Each structure stands twice: as structure tokens, then as C-alpha cells.
Amino acid sequence: MGWGNIYKRRMKVFTLTFLIYLDYKALQQREKLTRRSKRDGLWEKAHERNAKRVLKLIVELEGLWVKMGQYLSTRADVLPEAYIRLLRQLQDSLPPRDLEEVCSTIEKQLGKSMNDLFSNFDSVPLATASIAQVHRATLHDGQEVVVKVQHEGIKTIILEDLKNAKSIVDWIAWAEPQYDFNPMIDEWIREAPKELDFNHEAENTRKVSRNLGCKSEGDDKKSDHVDVLIPKVIQSTEKVLILEYMDGVRLNDSRALEELGVDKQKLVEEITRAYAHQIYVDGFFNGDPHPGNFLVSREPPHRPVLLDFGLTKLLSSSVKHALAKMFLAAAEGDHVALLSAFAEMGLKLRLDMPEQAMEITNVFFRATTPATEALETVKNLSEQREKNMKIIQEKMKLNKKEVKRFNPIDAFPGDIVIFSRVLNLLRGLSSSMNVRISYLNIMRPFAESVLKSDMNHGPSSNPKWVYDGPVHSDVEAKLRQFLVDLGNADRILGIQVCAYKDGKVIIDTAAGVLGKYDPRPVQPDSLFPVFSVSKGVTAGMVHWLVDKGKLKLDENVANVWPEFGTNGKDQIKVNHILNHTAGLHNALANISEEDPMLFCDWDECLKRIAMVAPETEPGREQLYHYLSYGWLCGGIIEHASGKKFQDVLEDAFVRPLNIEGELYIGIPPGVESRLATLTIDMNDLTRSAPNLDATRSSAISNALPSSFTFESVSSFIPLSNTLNVRRAILPAANGHFSARALARYYAALVDGGVVPPRHSSSSLPPLGSHPHHPMFPSKKTSINGKDRRKKDSSGSTSPDSDVYIRIPNTEDTSDEVDTKIFTNTKTKLHDAFMGSGDFEDLIFPGGRFGLGFRRVRTADGSVIGFGHSGLGGSTAYCDIHNRFAITVTLNKLSFGALTGEIIRFVCSELDLPVPEEYAGSRLAETPVIN
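Residues numbered from 1 in each chain as written. Predicted model: local features only at pLDDT ≥ 70, side-chain atom pairs only at ≥ 80, totals over all residues. Heavy atoms only, no water.

For the protein, the count of helices and strands is 35 helices and 27 strands. Within the protein, the fraction of its 930 residues that count as buried is 57%. When contacts within the protein are restricted to residue pairs at least 6 apart in sequence, those whose partners lie at least 24 apart make up 71%. On the protein, roughly 38800 Å² of surface is accessible, and the fraction owed to carbon and sulfur atoms is 51%. (Helix = DSSP H or I, 4+ residues; strand = E, 2+ residues; numbered from the N terminus. Buried < 20%, exposed > 50% of the residue type's maximum accessible area, 1.4 Å probe, protein only. Contact = heavy atoms within 4.5 Å. Areas by Shrake-Rupley, 256 points an atom, 1.4 Å probe, with all protein chains shown as cover.)

Before going further, it helps to examine the side chain of His576. By secondary structure assignment, the location of His576 is in helix H23 (residues 574-578). Given the relative accessible area of 11%, His576 is considered buried. When neighbours within four sequence positions are excluded, His576 is seen to be in contact with Gln571, Thr581, Ala582, Pro618 and Gly619.

Here is a general trend for soluble globular proteins: nonpolar side chains tend to be buried in one another's company. Ranked by size, the top nonpolar core spans 96 residues in total, and within it Trp631, Phe653 and Tyr746 carry the most contacts. Residues contacting Trp631, with those up to four places away along its chain left out, are Trp561, Leu588, Phe599, Trp602, Cys605, Leu606, Ile609, Ile729 and Leu730. Residues Leu251, Met326, Leu423 and Phe446 belong to the second largest nonpolar core, which totals 66 residues. (Core = buried A, V, L, I, M, F, W, Y, C linked by side-chain atoms within 4.5 Å.)

Going through the model one piece at a time under the given rule, you end up with 20 aromatic pairs. Ring geometry for Phe482 against Phe905: centres 4.5 Å apart, planes inclined by 5°, an arrangement best described as stacked. With Phe482 in helix H20 (residues 474-488) and Phe905 in helix H34 (residues 897-910), this pair connects stretches of sequence that are 423 residues apart. Each ring, one from Tyr746 and one from Phe853, has its centre 6.4 Å from the other, and the planes form 80°; the classification is edge-to-face. Residue Tyr746 is located in helix H32 (residues 739-750), and its partner Phe853 is located in the loop between helix H33 (826-834) and strand S23 (854-857); the two are separated by 107 residues in the primary sequence. Taken as a pair, Tyr746 and Phe853 share a single burial class, namely buried. (Phe/Tyr/Trp six-rings, centres within 6.5 Å; stacked < 30°, edge-to-face > 60°.)

A word on the environment of Glu555. Tracing the chain through its elements places Glu555 in the loop between helix H21 (534-547) and helix H22 (557-560). Judged by relative accessible area, which is 16%, Glu555 ranks as buried. Beyond its immediate sequence surroundings of up to four residues, Glu555 is in contact with Val560, Lys573 and Val574. A polar side-chain atom of Glu555 sits 2.8 Å from the main-chain amide nitrogen of Lys552. (Polar contact = N/O pair within 3.5 Å; in protein donor to acceptor, adjacent residues only side chain to side chain.)

Further remarks concern helix H13 (residues 317-332). Between its first and last C-alpha atoms H13 spans 22 Å; for 16 residues at 1.5 Å apiece the expected length is 22 Å, and the two agree. The element H13 is largely enclosed, with a buried count of 12 among its 16 residues. Those residues of H13 not exposed but buried are Val319, Lys320, His321, Ala322, Leu323, Ala324, Lys325, Met326, Phe327, Leu328, Ala329 and Ala330. (Expected span 1.5 Å × (residues − 1).)

Moving on to the packing of helix H10 (residues 198-212) against helix H12 (residues 264-282). Their axes nearest at 10 Å, the elements H10 and H12 cross at an angle of 95°. The angle between the axes of H10 and H12 places the two elements in the roughly perpendicular class. Here Val208, Asn211 and Leu212 of H10 lie close against H12, whose contacting residues are Ala274, His277, Gln278 and Asp282. Looking at side-chain class alone, the contact of H10 with H12 contains 3 nonpolar, 3 polar and 1 charged residues. (Axes fitted to C-alpha atoms, helices over the stretch in contact; angles between N-to-C directions. Parallel < 35°, antiparallel > 145°, perpendicular 65-115°, else oblique. Nonpolar A, V, L, I, M, F, W, Y, C, P; charged D, E, K, R; others polar.)

So, about the sheet that holds strand S20 (residues 735-737). Spatial strand order, S17-S20-S18: 3 strands in an open sheet with antiparallel pairing. Edge positions in the sheet fall to strand S17 (528-529) and strand S18 (663-665), since each of these pairs with one other strand and no more. Seen against the sheet, H21 touches S18 and S20 and runs at an angle of roughly 90° to S18. (Pairing = 2+ DSSP bridges.)

Let us look at unusual backbone geometry. A cis amide bond links Pro300 to the next residue, Pro301, at an omega of 10°. Here Pro301 shows up in the loop between strand S9 (294-297) and strand S10 (304-306). Of note in this structure, His302 is not a glycine but carries a positive phi near 55°. Residues other than glycine seldom take positive phi values, yet Asn567 does so here, at roughly 55°.

Tracing the backbone shows Gln133 in strand S3 (residues 132-139). A C-alpha to C-alpha distance of 8.2 Å links Gln133 and Val147, two positions 14 residues apart in sequence. Ignoring anything within four residues of it in the chain, the contact list for Gln133 reads Pro96, Arg97, Val102, Pro125, Ala127, Thr128, Val147, Lys148, Val149 and His151. A polar atom in the side chain of Gln133 sits 2.7 Å from the backbone nitrogen of Arg97. Among the polar contacts listed, one links the side chain of Gln133 to the side chain of His135, at a separation of 2.9 Å.

Our next topic: the pairing of strand S26 (residues 884-890). Taken across its 7 residues, S26 has 7 buried, putting it largely inside the fold. Judged by which residues are buried, S26 turns out to be covered on both faces: Phe884, Ile886, Val888 and Leu890 on one side and Ala885, Thr887 and Thr889 on the other are all buried. With 5 bridges joining them, strand S25 (residues 875-879) and S26 adopt antiparallel strand pairing. Each residue of the ladder has a partner; that of Asp879, found in S26, is Phe884. Linking S25 to S26, which pair antiparallel, is a turn of 4 residues; within it Arg883 sits at a positive phi near 50°.

Our next topic: the packing of H12 against H13. Where H12 meets H13, the axes come as close as 8 Å, and the angle between the chain directions of the two elements is 120°. Taken together, H12 and H13 sit at an angle that is classed as oblique. Across the interface between the two elements, Ile279, Tyr280, Val281 and Asp282 from H12 touch Lys320, Leu323, Ala324 and Phe327 from H13.

Bringing the sheet that holds S23 into the picture now. Taken in spatial order, the 7 strands make up an open sheet running S16-S15-S14-S26-S25-S24-S23, and their pairing is antiparallel. Each end of this open sheet is capped by a strand with a single partner; those strands are strand S16 (518-521) and S23. Across the sheet, the mean angle separating the axes of adjacent strands is 20° when strand polarity is ignored. Here 4 bridges tie S23 to strand S24 (residues 863-869), and the two strands are oriented antiparallel to one another. What sits directly across from Arg854, in S24, is Gly867.

Below is the structure:
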């Protein structure tokens, strides 16, 4: 092709693009002056004339534009009927090339004459496409074949067309920024030239056929078998491909399909299953499933025949898993898993909009609709897009011009381009055949299989099941082997265990995977939802404010929170809240019936709990405040400090303990990729369920509130995986901690507030290394509106002032000093936590709880320390007599059986007393629920 022809070709493309653009822009203005009843007619005429213009130019130019037309002709779900009807002609055949050119190419490529190669060669092609045309022939041994022959000079044309397409896309992105197709065209530029080597296509055909277990006669069927046919490769060169002939009818030949009695619904479902297998199971798929690349076998059971594997995509294992995870996240509405999948596949968003991301993904995997509903589909998608753009405009504070040019996607990985193209082509295929396909139902088993295959790879077949971190002690080495045994017994999904003894780390182990559908390994900095373990940290914040003189344990809550003193709550004291004796155990429990998402509205919950009335007299009865505890303590913390809840958490513990990024109550944006996802151990659940009634009345557990039911517990677990809940401030039940951060907290408490030496730098990533310093949205609730932080000599606020003090290290002669987060003596601090000594009068006699912490007892009733357990098995406690602290975090939730085994193992190895709740007899009787 000479430069003159290239220039003419380019000018024709650009001229038509500009002409169609001006036509539609003018129509938008004309529409405003036209009566509503005539507007549809105007648009139909515009679509008809522009579709004819496009078809005419495509037929003239051929090359890449034919493929573009074929793609557009399949989008009956979103394109006007005129385009579909006219461009559908491109699926069948273009004007054929001269037979002499075809024969010349065959003889040059195969090195033999036509007579030596074939006993018969049909001069009329079966089809002529953008790159090649196909002829039927017979080999000398009698085998029927088809011969695919590449057009002469097509390589130059295709490469030129790609450049032109890129220029057009760039121009459209400039003129209409909301339509930026650059990621798609860039990927096409990388992949399309591969179609020009038929040796490449031949190998692809063999590979897909092997992967799908295709045989012409095929009786061997695996559990994930798909019932499709793929022709056998006979011979190939760069420009000639010979395949076995398969007798079939075109997929878009409605009359022939009807005469054969083909079930179109079943046919398209099987094609969809074949692509689901290629994408999720094999990670190698055909990227060009337009109707022209399918046949339907004439012989019953009329199986689909897959053709043309020139454009294929190979996915890495990580991307394949991320795509499966994205699909399942959309199916289950799991925002956290969706954002995590985006991060894993390299899809980056410019702003935090998880709800809109989920909506877009659901649109991506939506069920198909018939072509007759295309206009309604387009209208709905357009309305949804406008709604999302308004949200972006408000969130980003953009004007109309700016929002028009704003693209919320920062990076769109190439792997996703071909994947999305395949889904769109399949959707268009379904629509054009007027069938409805539910992607979520058909593809789900295949997406699950790829992730479940990794889930089944426990310690016995996965040498990296235990995170490869330093071994801190012989106890840790033995524990890791014990965890491996439990993992091989399918007792563990993901777990972290960290323990301190005498101020030093002796265990810091992570093992397993982050979730049922998340095969990534658990690491030391992974964040686990720990439910009521959060209460131990929340209680520590209240004690920290008491230690700083902001609050008194025996003062009325209404002194610091005036709104709270209504409806008979004026006599409730801080110690009643901490000791679960405030009589507000069922407060806001019915909020889930009104709207479960109200749990996530921090300010509204504080407002509502300030207005409730107690059910019992303060101090009279100890009833576990399983949810209300968080809002009660949170309200006290914010009003006493004059700061946001999370700011107090940062000031009190996160910064001085150097555990940034690993201890949150309400996660901020940006940490989703480190989150563990919860699932339920159904075996343990079945064993423990009959004992919940016994738990309610046991002396060990104390009576539970009437609103605490088995149903409420089991329903809250799936809800807790959602992003809205994870981001909510729920100080009673929404902590997201790493075990090592939580263990460091308890190790400091066991030593009276002295922070242990820095965590081992050989544990990667190092504790406290996350640079994430979030800004949280909750408002200040100071009763006087003043900032109580001290100012330095320059008058600026010092974030560390009045936060913690440093004391000399009497046991170390180095220049280092220890950080101390409490000023009280160790004994007084421990007595306050446990409600003993001078604080004994502030707790309910004989109760399970001290002042905010669960009192840890041995089997003989001796109190040895304090801590808190959480629903599902996560726990943290310290033994003050033996300077021992341990935490366990889990994502396969049980009612304490697994945790008990681990605690007993560690305590046995260290010759330490075992807490009563984790003794064997205790676990046999009742599940651990708080």
C-alpha cells in the first residue's frame, strides 16, 4: 500500500468520524426545538443514515474496520437497531478476494501445488472476513477440511488502521472526556497483530481444545465439562491454516436454527459456560466471540462449534484470581472484596466511591436482555451514569465543565480490556438471539472453583501456608507445627497468633489465607475483624482519659455528656457503663429492624442512645451490653476529650505504641487489600448452637440481654463483611486489628503502661511501617467546643502534648527511654481494669466483668488478669502475675473451640495457668460469646 493510499484511507476515516459527530451534536440542539412526539423519529432517521455511512466505509476499507463493525453489530443490548441490522452483514462475509491470489498464497506458504495438496478445492469461499477468507477442500486421503488464507497485504492495512483508530479515540476523549476508550484501543494495539500469524492461532486452537476437553466424538466428561466442539488443526503456516471441516449452521441463521429445533437458550448458556471455563479455570480465552465465530452442529444435540482463536488472552494466576474475586464480590455485594480485587488486578480509582464501584461492576455482570429491550436498557444505564456523575460532582466539588472531563479511573489494566470485551460480545450475542442469560448463575461455579482450588491447598500441599517470618522461640516453632496440623484438619482458614512474655515477643505467627474466596496469604499486618475484642481497646481509652484527669470513674456520665442525663439516666455513672450494669443492655437493639445501616451512622446512634431509658436500676444487675457498650463509651470518650473518637485512639495508643495502620475501630479508605474476610465454621456452629440457651443462664457467662439471639448473631456476620459496616465507628464490635498490634497493646497494659521495645525489625512488613494516617469524618463533640491540647512555645498545637510521658528506663543503661501511656502505678492500673482493690466497690459483686475488661480466672476461681474475647473466636488477654499477653485473630468463626486449643497449647508449653473459659470442660459446656 503506497503512502498516497494510506493518506486517502486515513482521511476517509477521519472525515466520516467528524461528520457523524457533527450530525449527532446538531440533532441534540434540534431536538430541543422539536415536539416530544416527533423526537424518536428524528433519532431513528439519524441512526439509519449514520449506520449506512459506517457500513459503506467499512465495506470499502475492510481491514480492522470490519472487526470493529462486527463488534458493534453484537451490541444489541446498547446500540440502536439500525446499526445492529446493517452491520450484522459483516458477520457473514465480505466481497471475496480473487481466487488466483488465494491459490498463490497457499502454494507459497505450503511449498506445493494446489493439485498436490487437495483432491478438491471449492472456488467459492465459505466466508470472507477482515483478515482472511475460508474455502472448503478435500485432502487426498478423503478428509474434509477448511482452508483459511490470509489476505495479501493485510498486515500493512491492519497496522495503519490501528494508528487511525488510536487517533480517533484520542480525539473523542478530548471532545467528550467521559468517553475515554484509550485503555481499550491500547490493548487492542498490543493484541491485534498476533492474529496475523496463523501458527499462533493454530497453537491457541489446540490449547483451548485441550483445556475444554473437546473431542469430536467426545464421551469423556469431567465435572466441569462444557459441551462444545472445536475443529482439529491439520496444518498451519504464518498465512495458511487448515482445519477439519465441521458441518454446521451460522449462529445468526435464525431460520436454520428453527428448522433444526435448536434450543437457543441452552445453546447460548453453553457458550457462556465455555467462556467461563476459559477465563476462570484455564486463564486462557478467546477474545473475539462475535456470532461469525460460532457454528451450531447439524447433528443432535446441536452443540456450539467454537472458531477463530487468533485473538486470545493469557491471564496470570494472580489476575485470574482477582477476576474471580471481583465476580464473586459483585455476586455477594462485598464492597471490601471488590476493592481488594481492583487493587490486585491494578485497576485504580481516583476517588473513594465503593458504592458506585459496586454498581458499575454489577452493570458489568448484569443479566442480558433481548434486543427488543435495548432502548430501555440504554436509558437505564444513562440515568445511572448521570446519577453517579452527580455524586462525583458533589464529592469532588466540580463544576459542570470539570465533571464532564473527570475520569474516575486512574489506571485500567490491559488484561481487563479483553475480558470486558468478551463479556460485552457475549451479552450482545445473547441479546441478538433474544435470550436472557444470568451471568451470575452460569459463571459463578467456575469463578468459585478457581478460588476453592487454592482453599483446598492446605499446609500439606502449600509450603508457604505459614508466613515465613522469624521464629522467636521454641514455643513458636512448636505452635507453627500445631497450626499446620489444625490446618490439615480443615480447622483453620486464616489466623494470627502473637504473644509477649516478660516484655518480649515470643510468638508472632500468621498462617492460612485471607478469606474463603481470597487465596492471598495472611501476613503479620493483615487486619482481622475481632468483634467484641474491640471492647478491651475502647475500655482502655476511657481509662486513659481518667488517667489524664479528663474523667472520673465514679462520676455521672451526664457531667461530661449533658444530653445523656434524660429519661432516668442521670444517676448512671462511668463505672456502670464499663461494668455492664447501666441497664442499657438492649438499647438500640431494634435499630436493625428499622434499618441495619443506621448502625453505621455514628452521630445518629449517639443521639439516639442519649435519649433511651434504662431497663434496670444502675448497678443492680450485670447484663452484657454487647452493642450499646460501644456508643455509651464512645460518647463518653468524645465528650470528655473534646476530640473525635479515632483521634483519641491515635493519641492514646496507636502512635505511642508505634502500631500505625494495624489497629482501627472503623477502617479508613485505603486498607481494603489487607482485610481478612469472615466465614463461619458450620461444624462448630452446629455443635454450639444447642448450648446458646445454656450460655444465657450460666453463671460463668452472666445473663445475656433478651435481644441477643442466635439469629441476630448469625445474620450479623455476613453484614460485618460489608464495607459500610467495616468503616463504621462501632467501638463495641468493629475493631480491625492485627494480632501483633493488639498483643503489643496488652503487653503494655500488663507492665502498667510501659511500652515494650520495638517489634522485631525482621518481621516484615515492620510493625508501625504503614504510612497511612487517615482523616476521619466524625465531628467534634466537645461540650465547650475548645481544643484541650496543649500548645508549644510557638503557640502551635503539639499532637503529642498531654498524650503520654516518658520515664527513665531503670533496667537499661542505654540512652533509650521507655514510653509510658499511663501515669498510675501498675498495681492501681490493674486494679482499675479488673475492679479489684480500691475499685472493688465500683463493680457488680461476683460478676464476670471488671471495669471494661473481662476478668480472666483460672479453674479454681483465681483472677489472674484481664482481656476480652470476641464472637467467633478472636481473643486477647494478659496474665499480670506472669507478665504474659497473647492475642489470637481468626476469620473462620467458631464459638471458641479452636481458640481454646491454641491457648491451652501455648500455656502448656510455657507452664502457665489456662483461663477458665478455655479449659476443656468449659468449652464442652458453653460457647464463648463475648
